[in-house]
Every structure is written in C-alpha cells, then in structure tokens.
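Take a look at the letters that make up each chain.
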Amino acid sequence: MSVSPFKRDEALVNLLADHVNRKYVDEIRSYGKTVLVDVGGKTGDWSKCFNKDCLVYNLEVNEGYIDNTVDGSIGVYGDVRCIPFDDESVDIFLCRAVLHHVAGDLDVVCEELCRCLKSDGMVLVVEPCKFNPVGWVGRRFFRIEGFHEDDEHPFNPFRLKSKLGEYFRVVDSGHYFLLSYCLDFVYGYLGLKSGSFTRWFLKRVLSFEQFLLRFRFFQLFSGYVYFKCVKGDLL
C-alpha cells in the first residue's frame, strides 16, 4: 500500500528530530574549523546548524537537489560508493539515513569513506533499524511516496556496528525510539494539531524509551542507531 501525500505534525517532527540530531550536531559544533561532507544532504539545509567555520559540501546523486543547494553549503554531484574527494581531505562525513540505500555495497562505501577521511577525522552515522516494529509496518504496509524507496534495506544495528568496526574504531553510539516516532504521522493523517500537553507527554515517552534502550534486548528494536567512527588502529 502506498500512501500519498504524507502529512506530519511539524511541532512533533521538530521535537522527534532534535531527540536524535542534537547528538551529532553537538559533535560537529565542538570540532572547530572543519571540512564536512553531508552525504545525501539533499539541498544542504542542515548546513545552518553547524559551526560557522565548517566548510560544508553536500554530496548528492540527485542533480535537482544540487541545483537548489542553499547558501552556506556547496553542492557536489557524486555517489558515496565513488566519492569525488581527494585522499585524506575530509574532517567529517555525516551519513544520515544513507547507508541502508547502499547496503549491498557497504564494504565499498566504508573503503571510500576511509580513503577520503583525514587521520584525525570522524564519520557520523545515523541509520534506521531493521527490526523496529513501527518502521517495519510502515515500510511493508504503508509505504510513503518520496519517503520510502525500493532500494532501502535497514540494518540490524549490531551487525552494522560490527561492519563499521572492520574499517573504523566505533567510539560512541546511541539507540533512539521504539514506538514514539510515528506520532507525528498519526497526528498528521488524523488532522490533529499537537498542543503543549502532547509535547509534554511525548517528552516523557522519549525519556522512558531511552531508559529501555539501555538494555541490549530493546536496542535490537530501536528505530534509529547512531555511531561515531574514527580512523586509527583497530582494537
């Protein structure tokens, strides 16, 4: 079943997005003067969230996004499987919900990221997870045009960490969401508008989920996973 158009409650979208995004935004802001490549960054809207000293490149395979790249970001046409940057020229790669679109070529992608990354650089990865019940039901029965694509294959979070660990040191990680991150869609489709109580309630739910996600069993069913990867000798 394909669902279109897709409507979302923007206040809840922002609250849910901030829950996971603040982790890597804080990492980037603390890094100082940086060459950052936002892989699959669409029009580069996220560049305004980063340190003003960041030189942000928006790596995209969709030329339409590149033509509409926002000020503060430099659009570059290219594929993460063949990155058009020199060896050891990038401080940070930001890969947000990209790798599950090239899951079959993950070794090639990791080799390319490693090649282009400076010796003290880092790769920040945020990916949807395979076994989350909300994501599974959505992809299987309520595919959203422009949101779900045929080539996407979300990962088992533990196997993704293991694969990344073959090329980098994974020095930090985080698991996010169990059931909460569908609430913005539910409100949108029902035509409801969230109020202060809904946002207060969602914050409490997110806190409870984060408590559960401290345990490995629940981590397997997380909605998204975050990894901070650095170059260096593998442990």
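By convention here, each chain's residues receive numbers from 1 onward along its written sequence. In keeping with the predicted nature of the model, local features appear solely for residues at pLDDT of at least 70, side-chain atom pairs appear and are counted solely at 80 or more, and the whole-chain, interface and lining totals rest on all residues. Side-chain numbers here rest on the full set of heavy atoms in the structure, without hydrogens or water.

Caption draft 1: View of the overall build of the protein. For the protein, the count of helices and strands is eight helices and nine strands. As defined in this context, the radius of gyration uses C-alpha atoms, and a globule is described by 2.2 Å times the residue total to the power 0.38. For 235 residues, the compact-globule formula gives about 18 Å, and the C-alpha radius of gyration of the protein, at 18 Å, lands near that figure. Only protein chains enter the area calculation, which uses a 1.4 Å probe; residues under 20% of their type maximum are buried, those over 50% are exposed, and those in between are partly exposed. Buried positions account for 46% of the 235 residues belonging to the protein. Of the contacts formed within the protein by residues at least 6 apart in sequence, a portion of 75% connects residues at least 24 apart. To measure how exposed things are, a 1.4 Å probe is used in the Shrake-Rupley method; for residues, cover is taken only from the protein chains shown. Entry remark: accessible area of the protein is about 12,400 Å², with carbon and sulfur atoms responsible for 54%. None of His or the chain ends enter the tally, which takes Lys and Arg as positive and Asp and Glu as negative. Taken as the charge location is NZ of Lys, CZ of Arg, CG of Asp or CD of Glu. When the 29 positive and 33 negative side-chain charges of the protein are each reduced to one mean point, those points stand 8 Å apart. A run of DSSP states H or I qualifies as a helix once it reaches four residues; a run of E qualifies as a strand once it reaches two. Both are numbered from the N-terminal end. When checking whether two residues touch, look at their non-hydrogen atoms; a contact exists if any pair is within 4.5 Å.

Caption draft 2: Structural view of the environment of Ser-119. Along the polypeptide, Ser-119 turns up in strand β6 (residues 117–128). Overall, the relative accessible area of 56% leaves Ser-119 in the exposed class.

Caption draft 3: Fine view of the packing of aromatic side chains. Each aromatic pair joins two rings of Phe, Tyr and Trp (for Trp, the six-membered one) with centres within 6.5 Å, and gets the label stacked for planes under 30 degrees apart, edge-to-face for over 60, and tilted for any other angle. A complete count under the given rule lists nine aromatic pairs for this structure. With a centroid separation of 5.3 Å and an interplanar angle of 15°, the aromatic rings of Phe-177 and Tyr-181 are classed as stacked. The exposure class of Tyr-181 is buried, given its relative accessible area of 16%. Every member of this aromatic cluster is reached through a ring pair, and the members are Phe-177, Tyr-181 and Tyr-224. Only when the NZ atom of a Lys or the CZ atom of an Arg is both within 6 Å of the ring centre and within 35 degrees of the ring normal do we say a charge sits over the ring. Above the ring of Phe-158, the side-chain terminus of Arg-216 is found at 3.9 Å from the ring centroid.

Caption draft 4: Expanded view of the packing of helix α1 (residues 10–29) against helix α6 (residues 183–190). Contact pair α1 / α6: the axes reach a minimum separation of 9 Å and the direction vectors enclose 175°. Compared by their axis directions, α1 and α6 come out roughly antiparallel. Contacts between α1 and α6 involve Leu-12, Val-13 and Leu-16 on the former and, on the latter, Leu-183, Asp-184 and Tyr-187. Grouping the amino acids of the contact of α1 with α6 by side-chain chemistry returns five nonpolar, no polar and one charged. Fitting a line to C-alpha atoms yields each axis, with helices limited to the stretch in contact; the angle taken between N-to-C directions then spans 0 to 180 degrees. Roughly parallel here means an angle under 35 degrees, roughly antiparallel means over 145, roughly perpendicular means 65 to 115, and every remaining angle is called oblique. Ten residues, namely Ala, Val, Leu, Ile, Met, Phe, Trp, Tyr, Cys and Pro, are considered nonpolar, four, namely Asp, Glu, Lys and Arg, are considered charged, and the remaining ones, Gly among them, are considered polar.

Caption draft 5: Structural context of the state of the cysteines. Cysteine sulfur atoms that pair up within 2.5 Å are treated as a disulfide. By the definition in use, this model includes zero disulfides. The thiol of Cys-110 is not disulfide-bonded; the next cysteine sulfur, from Cys-229, is found 7.9 Å away. Its relative accessible area of 1% is what places Cys-110 among the buried residues.

Caption draft 6: View of the sheet that holds strand β8 (residues 169–176). The strand order β4-β3-β2-β5-β6-β9-β8 describes an open sheet built from seven strands, whose pairing is mixed. The sheet is open, and its two borders are formed by β4 (73–77) and β8, each paired with just one other strand. On average, adjacent strands in this sheet sit at an angle of 20° to one another, irrespective of strand direction. In this scheme, strands are said to pair when DSSP sees at least two bridges between them. The sheet contact formed by strand β2 (residues 34–39) and strand β5 (residues 90–96) spans four bridges and is parallel. Within β5, the residue paired with Val-37 across the bridge is Phe-93. Helix α3 (residues 106–116) contacts β5 and β6 of the sheet and is inclined by roughly 145° relative to β6.

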